[in-house]
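Listed below are the residues making up each chain.
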Amino acid sequence: MKTKITTLVSLIIVIGLFAGIAAFTSKNQKDQTLSFSIPVQVSDNQIDRSLLEPVYFNPVGESCEFTIDISGMDEFISNIKIETFPLGSDPIYSASATNTTIKTGELDVQNKGIFVLIDPEIRQGADLEDQEYLIRYTLILHTDDTSILTNGLIILVTIAIIIFAAVMLLLLNKSAKKDFDERQLKARGTAAMNALIVTLVTAMGIAMIGRSVDNFPLSVFEIGIIICLTGAITFLINADITDAFFGMKAKRFPLAIIYTIVGVMELMMSGIYNLIFKVGAGHELSVVSLVTGIYFFAVGIEMIIKGLIDRKEAKADEES
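This text gives an overview of the structure that appears in the document.

Parameters and conventions
- Residues numbered from 1 in each chain as written.
- Predicted model: local features only at pLDDT ≥ 70, side-chain atom pairs only at ≥ 80, totals over all residues.
- Heavy atoms only, no water.
- Helix = DSSP H or I, 4+ residues; strand = E, 2+ residues; numbered from the N terminus.
- Buried < 20%, exposed > 50% of the residue type's maximum accessible area, 1.4 Å probe, protein only.
- Areas by Shrake-Rupley, 256 points an atom, 1.4 Å probe, with all protein chains shown as cover.
- Patch = residues over 30% accessible without salt bridge, like charges linked within 9 Å, V, L, I, M, F, W, Y side chains within 5 Å.
- Salt bridge = Lys/Arg side-chain N within 4 Å of Asp/Glu carboxyl O.
- Core = buried A, V, L, I, M, F, W, Y, C linked by side-chain atoms within 4.5 Å.
- Contact = heavy atoms within 4.5 Å.
- Pairing = 2+ DSSP bridges.
- Axes fitted to C-alpha atoms, helices over the stretch in contact; angles between N-to-C directions.
- Expected span 1.5 Å × (residues − 1).
- Arc of directions from axis to C-beta.
- Parallel < 35°, antiparallel > 145°, perpendicular 65-115°, else oblique.
- Left-handed = near helix turned anticlockwise from the far one by under 90°.
- Nonpolar A, V, L, I, M, F, W, Y, C, P; charged D, E, K, R; others polar.

1. Overview of the overall build of the chain
- From N to C terminus, the chain includes seven helices and 10 strands.
- Taking all 320 residues of the chain together, 31% fall into the buried category.
- For the chain, the accessible surface area stands at approximately 20,300 Å², while carbon and sulfur atoms represent 64% of it.

Shown next as structure tokens:
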């Protein structure tokens, strides 16, 4: 009875939490704000042209409106065009402005992806020194009709998370009813508590560091993966060290090899070899692949070392 109540309470917490997050996320998809600066290099009173990537927004519905704030020197004019997918189609809005805030009015975007293209130029008659200048832009996208695609993805992801949580909780609490060895249950509980504390400290630490700096380098996705993996790997290593799992001896070395290989592959995919040794895949460091690689590699090495220690102890017991 207590196990059923525990499962029900946990499910209610998960469903309530993610239903609230999904509703809040869906509601706040209506306004998107993006601020950035464009460096403009001037030589001989001409702008050194470089490829300026268009700013892309996911579909937001049938119509939307942009508010664009421009902050820079009066000698620069910002030419702005807004296009819908595919890039290169006729612009649905264009304007030129300097140090002002412009409103596009309602734009017919037909539930397509949106591109904002910005091309700065020097005002005619202006005389600028040869150096780099910064022009800051703030783009605010507003829509009254959130994309069906976006809301659908939010709902599907939320349902998938709730189903996954329900399956994991049911399996966990079902296995708790079995007559396990008391020492192993205690070891598993200790490992779980250690993992919980590490997870809480990791989440709180990232939150405090993120709050103390202006430009935190990690995305919400990266933070979530780091917290999740840190807790899971902490539990897995501690539980394995204290023999909290059944039937691991026969599977240990195959699993250890798999963990180690996956860890090495993730490290290579992260681009860390390219950054350190100038070899390997990728040129930018992927935080998720790096963390996953380190954690999986650590689990593989731990399982190999633990297996060798267990074999040595078993051999010593046979000889004595």
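Past the structure itself, the notes keep going.
2. A closer look at a nonpolar patch on the surface
- Taken together, the side chains of Ile155, Ile159, Ile163 and Val167 define a hydrophobic patch exposed on the protein surface, amounting to about 350 Å² of accessible area.
- By relative accessible area, Ile159 is classed as partly exposed at 43%.

3. Describing the nonpolar core
- Formed by 31 residues in total, the largest nonpolar core has its most connected members in Phe57, Phe66, Phe76, Ile114 and Val116.
- Elements supplying a minimum of two residues to this core: strand E1 (31–43), strand E3 (55–57), strand E4 (63–71), strand E5 (76–84), strand E6 (93–97), strand E9 (114–122) and strand E10 (131–142).
- The greatest single-element share of this core, amounting to five residues, is contributed by E10.
- Leaving out residues up to four positions away in the same chain, Phe76 has contacts with Val40, Val42, Ile47, Ala97, Thr98, Glu121, Ile122, Leu128, Tyr133 and Ile135.
- Core analysis: the second largest hydrophobic core is formed by five residues, Ile206, Ile226, Ile227 and Leu229 among them.

4. Some points on the sheet that holds E3
- The four strands lie next to each other as E3-E9-E5-E6, forming an open sheet whose pairing is antiparallel. If you trace the sheet from one side to the other, it starts and ends with E3 and E6, each paired once. Neighbouring strand axes in the sheet, compared pairwise and without regard to direction, differ in orientation by 15 degrees on average.
- Of the strand pairs in this sheet, E5 and E6 are connected by five bridges, and their pairing is antiparallel. In the strand pairing of E6, Asn79 is matched with Ser96.

5. A closer look at the pairing of E10
- Direction of pairing for E1 relative to E10: antiparallel, over a ladder of 12 bridges. From the neighbouring strand, Pro39 faces E10, where its bridge partner is Leu134.
- As judged from the seven bridges shared by E4 and E10, these two strands associate in the antiparallel manner. Paired with Phe66 across the strands is Leu141, a residue of E10.

6. Some words on the environment of Ser270
- In this structure, Ser270 sits in helix H5 (residues 252–270).
- Here the alpha-carbon distance between Ser270 and Ser286, two residues 16 residues apart in the chain, equals 4.6 Å.

7. Re the pattern of salt bridges
- The full count for this structure, using the stated rule, is two salt bridges.
- Note that Glu83 is salt-bridged to Lys81, the shortest N-O span being 4.0 Å.

8. As for H5
- With 19 residues, H5 ought to run about 27 Å at 1.5 Å a step, and its terminal C-alpha atoms sit 27 Å apart, in line with that.
- Within the span of H5, buried status applies to Arg252, Ala256, Thr260, Gly263, Glu266, Leu267 and Ser270. For H5, the angular spread of buried residues about the axis comes to 130 degrees, placing them on one side.
- Note on H5: the residue one or two positions beyond its end, Gly271, has a positive phi of about 90 degrees.

9. Structural notes on the pairing of E5
- Here E5 lies mainly inside the structure; seven of its nine residues are buried.
- Where E5 meets E9, nine bridges bridge the pair, whose relative direction is antiparallel. Paired with Glu83 across the strands is Phe115, a residue of E9.

10. Overview of the side chain of Thr292
- Tracing the backbone through its elements, the reader meets Thr292 in helix H7 (residues 287–319).
- The exposure class of Thr292 is buried, given its relative accessible area of 12%.
- What Thr292 contacts, discounting residues up to four positions off in sequence, is Leu229 and Glu266.

11. Re the packing of helix H3 (residues 182–212) against helix H4 (residues 220–241)
- Between H3 and H4, the least distance of the axes is 8 Å, while the angle of their chain directions is 155 degrees. Between H3 and H4, the angle falls in the class roughly antiparallel. Every pair of crossing elements has a handedness; the one defined by H3 and H4 is right-handed. Contacts from Arg188, Ala191, Ala192, Asn194, Ala195, Val198, Thr199, Thr202, Ala203 and Ile206 in H3 reach Ile223, Ile226, Ile227, Thr230, Gly231, Thr234, Phe235, Asn238 and Ala239 in H4.
- Classifying every residue of the contact of H3 with H4 by side-chain character gives 11 nonpolar, seven polar and one charged.

12. Looking at unusual backbone geometry
- Following Phe85, the chain continues to Pro86 via a peptide bond in cis, the omega torsion being 5 degrees.
- Of note, Pro86 is situated in the loop between E5 and E6.
- With phi around 55 degrees, Asp44 is a residue other than glycine that occupies positive phi space.
- The topology assignment puts Asp44 in the loop between E1 and strand E2 (46–47).
- The exposed category is assigned to Asp44, whose relative accessible area is 65%.

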